[in-house]
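Architecture at a glance
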Protein chains: 2
Amino acid sequence: MADMSPYCYEYPHPALTTDIILFTLRHDVLSILLIRRRAQPFQGSWALPGGFVDMDECLEDCALRELAEETGITGVYLEQLYTFGKPNRDPRERVISVAYYALAAYDQLAPVAGSDAAEVAWFALDDLPPLAFDHADVIQLAQQRLRAKLDYSTVAFGLVGETFTLGELQKVYEIIRGEALDKRNFRKHILSLGVLAETDATRSNGKSRPAKLYRLAHPGAVQYIK
Amino acid sequence: MADMSPYCYEYPHPALTTDIILFTLRHDVLSILLIRRRAQPFQGSWALPGGFVDMDECLEDCALRELAEETGITGVYLEQLYTFGKPNRDPRERVISVAYYALAAYDQLAPVAGSDAAEVAWFALDDLPPLAFDHADVIQLAQQRLRAKLDYSTVAFGLVGETFTLGELQKVYEIIRGEALDKRNFRKHILSLGVLAETDATRSNGKSRPAKLYRLAHPGAVQYIK
DNA sequence: AACGATAGTGTGATAGTTACACTATGTCAA
DNA sequence: TTGACATAGTGTAACTATCACACTATCGTT
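Note that the structure is predicted; figures quoted are calculated from it, not measured. (Residues numbered from 1 in each chain as written. Chains lettered and ligands numbered in written order. Predicted model: local features only at pLDDT ≥ 70, side-chain atom pairs only at ≥ 80, totals over all residues. Heavy atoms only, no water.)

**Looking at the packing of aromatic side chains**
One pass over the structure, following the stated rule, counts 16 aromatic pairs over all chains. Centre to centre, the rings of Tyr106 of chain B and Trp122 of chain B are 5.8 Å apart; their planes meet at 70°, and the pair counts as edge-to-face. With Tyr106 of chain B in the loop between strand S7 (95–103) and strand S8 (117–124) and Trp122 of chain B in strand S8, this pair connects stretches of sequence that are 16 residues apart. Three or more aromatic residues joined by ring pairs make a cluster, and in this case those are Tyr152 and Tyr224 of chain A together with Tyr152 and Tyr224 of chain B. (Phe/Tyr/Trp six-rings, centres within 6.5 Å; stacked < 30°, edge-to-face > 60°. Helix = DSSP H or I, 4+ residues; strand = E, 2+ residues; numbered from the N terminus.)

In structure tokens:
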């Protein structure tokens, strides 16, 4: 018994995990990536990717590592969301989960089921399967946060590629806010923020006039705006 | 040895604490409550109130309990801020800290040093002593968050009493934003939010014309506005 | 009764937001 | 090659919100 449980403490310690809500837009639908659990508890249920924090890694590194291990995905934008710690979240033992949300452009992603995942799949946010643990709550909070940050930060740029057309960007805003936006007003607004730079390339969707491509003037961190 | 460390796990577990940044306005200065540590590590240093999470209590309850135990303070507004988890935050072992910030009106508070605290004192945010652990970072983030939330929520009401004059409320905004505001514009704005209710009482500061007292129309949760 | 202190009140200028419709340029099919 | 389709790209006027600004009212104090 002691051989199987060699990590001993004077006081009880909880287990610590990270969970990742990876948002993307696929076929004009806001979606997240879920894995089907290979292990107990909730074996066979859909759940957020995530897992236990190693003792020598920081929380953010853990989130990135788990996402990579379970889904093969790397290089996404990541931000801490909230820490969930109710006593009976997990039937095995006390587990604290630090939730992160991640954003990426769909065509830059190629998820592959990894070690702890029997399967990996995208789900539209309004068509989620039954979820393990309290992951439904986690996802709902993430969606709220994403919507709120649209208005005062540059999060939206995390959901498009490195270069993008204003039409693509407008679609991101429309889908997350759930309402149509006026094209001229949107362009005026977004250009006035001063965070975009023109490129001299254009992109055609194959059916119509090609659109000018833009990129972030200062790529990297999400900025607060206004 | 095993007798001193009876809580054993198959994998290593971190310790889990909460820390609380309790803001108040005292003598027109934004201040927080610190305790002087009675125990190692950082014995004798100033630190945020906080402590280890019990295995059967949720994170928020822990924060409230620790605040009560160490400072005697109860009944404050509390909100999760961020979770700090770098591997070497604490020299003893891996410690994850879920930080909460709290708000209260100064005259409703009477801090008293409790069990783990040798001393409890208010410090102006721009005149903090050297702090234990990474608490200086925690406080800085809390201050940023407080300032940001002023503009899109009703947090400011957490720093005044149950009833308050518009002059008092304006002072809260001015101090947190660090700039003077126009009285007429402030009143127009705050009343237009529709979150205030008049009372028919007034309050005099003893030196001048008494001011009408207001209260929150829907006390309780901090609301998002605009 | 005069003074000091804070409460309380409105208006005009400016800036930001909204509503709204047509031309331009590409692809595709006949 | 030309016409139909799809999306890109563009300006203006009405409306709304924000900002700057100064005086009167009412209390306590001397």
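**Topic: the interface of chain A and chain B**
On the side of chain B, 32 residues touch chain A, which itself brings 32 residues to the contact. Summing both sides of the interface, chain A and chain B together bury roughly 2800 Å²; the carbon and sulfur share of this comes to 62%. Its largest share of buried area at the contact with chain B, chain A owes to Tyr9, His13 and Met55 of chain A, together 22% of the area lost on that side. Summed over the shared surface of chain A and chain B, the number is 0 salt bridges. Run the count over chain A and chain B and you get 15 residue pairs in polar contact (both at pLDDT 80 or more). Counting only elements with at least two residues in the side of chain A that touches chain B, the list comes to strand S1 (7–9), strand S2 (15–26), strand S6 (77–84) and strand S7 (95–103) of chain A. (Contact = heavy atoms within 4.5 Å. Buried area = accessible area lost by both parts, 1.4 Å probe. Salt bridge = Lys/Arg side-chain N within 4 Å of Asp/Glu carboxyl O. Polar contact = N/O pair within 3.5 Å; in protein donor to acceptor, adjacent residues only side chain to side chain.)

**Examining the relation of the copies chain A and chain B**
With an RMSD of 0.1 Å, the fit of chain A onto chain B corresponds to turning through 179° and sliding 0.0 Å along the axis. Such values leave the two copies arranged in the relation of a two-fold axis. Closest to the rotation axis within chain A is the C-alpha of Cys8 of chain A, separated from it by 2.0 Å. Taken as a fraction of all interface residues of chain A, those also at the interface in chain B reach 100%, which identifies the copy contact as same-surface. (Least-squares fit on C-alpha atoms with pLDDT ≥ 70 in both.)

**Some details on the protein's contact with DNA strand D**
In the region of DNA strand D, 19 residues are neighbours, and Lys183, Ser208 and Lys212 of chain A together with Gly206 and Arg209 of chain B sit closest. The sugar and phosphate moieties of DNA strand D supply 39% of its atoms located within 4 Å of the protein. Lys188 of chain A places a polar side-chain atom, nitrogen or oxygen, 3.0 Å from a base oxygen of DNA strand D. For DNA strand D, a phosphate oxygen lies 2.8 Å from a polar atom in the backbone of Lys212 of chain A. Taken together, the elements giving at least two residues each to the surface near DNA strand D come down to helix H4 (183–192) and strand S11 (211–216) of chain A together with helix H4 (183–192) of chain B. The biggest single contributor to the surface near DNA strand D is H4 of chain A, with 4 residues. The residue makeup of the surface near DNA strand D, split by class, is 3 nonpolar, 5 polar and 11 charged. (Near = heavy atom within 4 Å. Nonpolar A, V, L, I, M, F, W, Y, C, P; charged D, E, K, R; others polar.)

**A word on the environment of Ser31 of chain B**
All names here are of chain B. Along the chain, Ser31 turns up in strand S3 (residues 29–37). In this structure, the C-alpha to C-alpha distance between Ser31 and Asp126, residues 95 residues apart in sequence, is 8.4 Å. If sequence neighbours within four positions are ignored, Ser31 has contacts with Leu22, Phe23, Thr24, Arg26, Trp122, Phe123, Ala124 and Leu125. Engagement of the side chain of Ser31 in a polar contact is seen with the side chain of Arg26, the distance being 3.3 Å.

**Some remarks on the protein's contact with DNA strand C**
Close to DNA strand C lie 20 residues, the nearest being Asn185 and Gly206 of chain A together with Lys183, Ser208 and Lys212 of chain B. Within 4 Å of the protein, the contacting atoms of DNA strand C are 38% sugar and phosphate, with bases supplying the remainder. Residue Gly206 of chain A places a main-chain N or O atom 2.3 Å away from a sugar or linking oxygen belonging to DNA strand C. Lys183 of chain B is positioned such that a nitrogen or oxygen atom in its side chain is 2.7 Å from a base nitrogen of DNA strand C. Among the secondary structure elements, those contributing two or more residues to the surface near DNA strand C are H4 of chain A together with H4 and strand S11 (211–216) of chain B. Here the element with the most residues in the surface near DNA strand C is H4 of chain B; it accounts for 4 residues. Taken together, the residues of the surface near DNA strand C break down into 3 nonpolar, 5 polar and 12 charged.

**Observations regarding the state of the cysteines**
Summed over all chains, the structure comprises 1 disulfide over all chains. Residue Cys8 of chain A pairs covalently with Cys8 of chain B via a disulfide, S to S 2.2 Å. Handedness of the Cys8 of chain A-Cys8 of chain B disulfide follows from its S-S torsion of about 110°: it is right-handed. Of the two residues, Cys8 of chain A sits in strand S1 while Cys8 of chain B sits in strand S1 (residues 7–9), which places them in two different chains. Residue Cys8 of chain A is classed as partly exposed on the basis of its relative accessible area, which comes to 33%. Cysteine Cys58 of chain B is unpaired, with the sulfur of Cys62 of chain B as its nearest cysteine sulfur at 8.9 Å. Overall, Cys58 of chain B belongs to the partly exposed group, its relative accessible area being 21%. (Disulfide = S-S within 2.5 Å. Buried < 20%, exposed > 50% of the residue type's maximum accessible area, 1.4 Å probe, protein only.)

**What to know about the nonpolar core**
Formed by 44 residues in total, the largest nonpolar core has its most connected members in Leu22 and Val76 of chain A together with Leu22 and Val76 of chain B. Non-local contacts of Leu22 of chain A, meaning those with residues more than four positions away in its chain, are made with Ser31, Ile32, Leu33, Ile73, Val76, Ala102, Leu103, Ala104, Leu109 and Trp122 of chain A. (Core = buried A, V, L, I, M, F, W, Y, C linked by side-chain atoms within 4.5 Å.)

**Some points on the layout of surface pockets**
Gaps between atoms show up when a probe of the same size as a water molecule is rolled over them. Residues and elements named next belong to chain B. When its volume is computed, the second largest pocket comes out at roughly 790 Å³. Along the walls of the second largest pocket sit 39 residues, with Thr17, Gly50, Gly51, Phe52 and Arg92 positioned nearest its centre. For the lining of the second largest pocket, the leading source of residues is strand S2 (residues 15–26), giving 5 residues. Residues of the lining of the second largest pocket, tallied by class, amount to 16 nonpolar, 9 polar and 14 charged. (1 Å grid on protein atoms, 1.4 Å probe; cavity = no way out; pocket = protein on both sides within 12 Å on 5 of 7 lines; lining within 4 Å. Points joined across faces, edges and corners; volume = space filled by probe spheres on them.)

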